[in-house]
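Report on the structure
Take a look at the letters that make up each chain.
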Amino acid sequence: MSKDELQASGGSDRRGFMRGVLAMITGTLALLGPLVGGLAVVLEPLRQKKHGQAGGFIKVGQLASLPNNGLPKKYDILADRQDAWNRYPNVPVGSIYLRRTEDDQITAFNIICPHAGCFVQVDQQQKQYNCPCHNSQFKLDGSKSNADNPSPRGMDPLDVEIRNGDEIWVHYQSFKTGVADRIPNS
Ligand code: FES
């Protein structure tokens, strides 16, 4: 075979090789497309699961429903719950205490006792919170009030916002119990 014939043959092999590589890349991309699309469909319910959960701000009620007498009032938290394939609108996900003082300061606490998760109650006479399970007592500002309080921390405060002039919105969260640090539950 002459030198020219050898060069021509080499060029043809290289072109063939490049065509093969190109075909392989195109084939792989064609296969990946449906795979990625399918993955998105499978993961979609998991992604949507976050929507409507109680982690964000939730409208709790109207400002007019909360007297500015400085006494805590219990509110249920209603939110949309969604599992992988079903949506449950407006179901109870927890409860909080709201307190509004004369100067219109509003505070919110999760009703769950940080000791072991019982529901804290309000003693309107004593103007404090009591937990019936192991006798933790808390001041109206949420701090521990009795010396033998078994709770590792005060009550868990929640962020409050007034929106549209008269709507109370609360950033609802629950936290790990039995530990001193305030660690949000996932
Ligand atoms: S759960 Fe409240 S004091 Fe133990």
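For the structure, see preceding data.
Residues numbered from 1 in each chain as written. Predicted model: local features only at pLDDT ≥ 70, side-chain atom pairs only at ≥ 80, totals over all residues. Heavy atoms only, no water.

1. Observations concerning the overall build of the protein
As a reminder, the rule being used: Put simply, DSSP H or I for four residues or longer makes a helix, DSSP E for two residues or longer makes a strand, and each gets a number counted from the N terminus. Each residue is placed in one exposure class: buried if its accessible area under a 1.4 Å probe, protein chains only, is under 20% of its type's maximum, exposed if it is over 50%, and partly exposed if it falls in between. The contact criterion used throughout is that any non-hydrogen atoms of two residues lie within 4.5 Å. For the area figures, the Shrake-Rupley method with a 1.4 Å probe applies, and any residue is considered shielded solely by the protein chains shown.
Scanning the protein from terminus to terminus reveals one helix and 10 strands. Reading the protein from its N terminus to its C terminus gives the helix and strand order α-β-β-β-β-β-β-β-β-β-β. Burial statistics for the protein: of 186 residues in total, 30% are counted as buried. When contacts within the protein are restricted to residue pairs at least 6 apart in sequence, long-range pairs at least 24 apart make up 49% of them. Carbon and sulfur atoms form 56% of the exposed surface of the protein, whose accessible area is close to 11,900 Å².

2. What to know about the side chain of Thr101
Residue placement: Thr101 occurs in the loop between β3 (87–100) and β4 (106–110). For Thr101, the contacting residues outside a window of four places in its chain are Asn68 and Gly70.

3. Looking at the state of the cysteines
Note: disulfide means a covalent bond formed between the sulfur atoms of two cysteine side chains. Threshold: When two cysteine sulfur atoms are found within 2.5 Å, that pair is recorded as a disulfide.
Tallying each qualifying case throughout the model produces one disulfide. Shown here is the disulfide that connects Cys118 with Cys133, its sulfur atoms set 1.9 Å apart. Where Cys118 bonds to Cys133 through sulfur, the torsion about that S-S bond is close to -95°, and the disulfide is left-handed. With Cys118 in the loop between β4 and β5 (121–123) and Cys133 in the loop between β6 (128–130) and β7 (137–138), the pair connects residues that are 15 residues apart, well separated along the chain. Using a relative accessible area of 21% as the deciding quantity, one classes Cys118 as partly exposed.

4. Focus: the nonpolar core
Soluble globular proteins tend to pack their nonpolar side chains together in the buried interior. So the rule is basically this: To qualify as a nonpolar core, a set must consist of buried Ala, Val, Leu, Ile, Met, Phe, Trp, Tyr and Cys residues joined through side-chain atoms within 4.5 Å.
Counting residues in each nonpolar core, the largest one holds 17 residues, and the members touching the most others are Val60, Ile77, Ile96, Leu98, Leu158 and Val170. Looking at this core, the elements with two or more residues in it are β1 (57–62), β2 (73–82), β3, β4 and β10 (167–171). Dropping the residues within four chain positions of it, Val60 is found in contact with Tyr75, Ile77, Ile96, Leu98, Ile168 and Val170. Listed in part, the 10 residues of the second largest apolar core include Cys113, Tyr129, Phe138 and Leu140.

5. Digging into the sheet that holds β3
The test is simple: DSSP-based pairing: two strands are paired if at least 2 bridges between them are found.
Strand order in the open sheet formed by four strands is β2-β3-β4-β8, with antiparallel pairing between adjacent strands. The strands lining the two open edges of the sheet, one partner per strand, are β2 and β8 (157–158). When β3 meets β4, the two strands line up antiparallel, connected through five bridges. Paired with Ile96 across the two strands is Asn110, which belongs to β4.

6. A short note on the environment of Lys127
Along the polypeptide, Lys127 turns up in the loop between β5 and β6. Distance from Lys127 to Lys139, taken between C-alpha atoms, is 7.5 Å for residues 12 residues apart in sequence. Once residues lying within four places of it in the same chain are set aside, the contact partners of Lys127 are Leu71 and Leu140.

7. Things to note about the side chain of Asp156
Rules: Distance and chemistry together define a polar contact, namely a pair of N or O atoms within 3.5 Å, with one atom able to donate a hydrogen and the other to accept it when in protein, and with adjacent residues in sequence counting only for side-chain atoms on both sides.
As for its position among the elements, Asp156 is in the loop between β7 and β8. Within the structure, the side chain of Asp156 is placed 2.8 Å from the side chain of Arg153, a separation counted as a polar contact. In contact with Asp156, not counting residues within four places along its chain, are Ala108, Phe109, Asn110, Pro114, Phe175 and Arg182.

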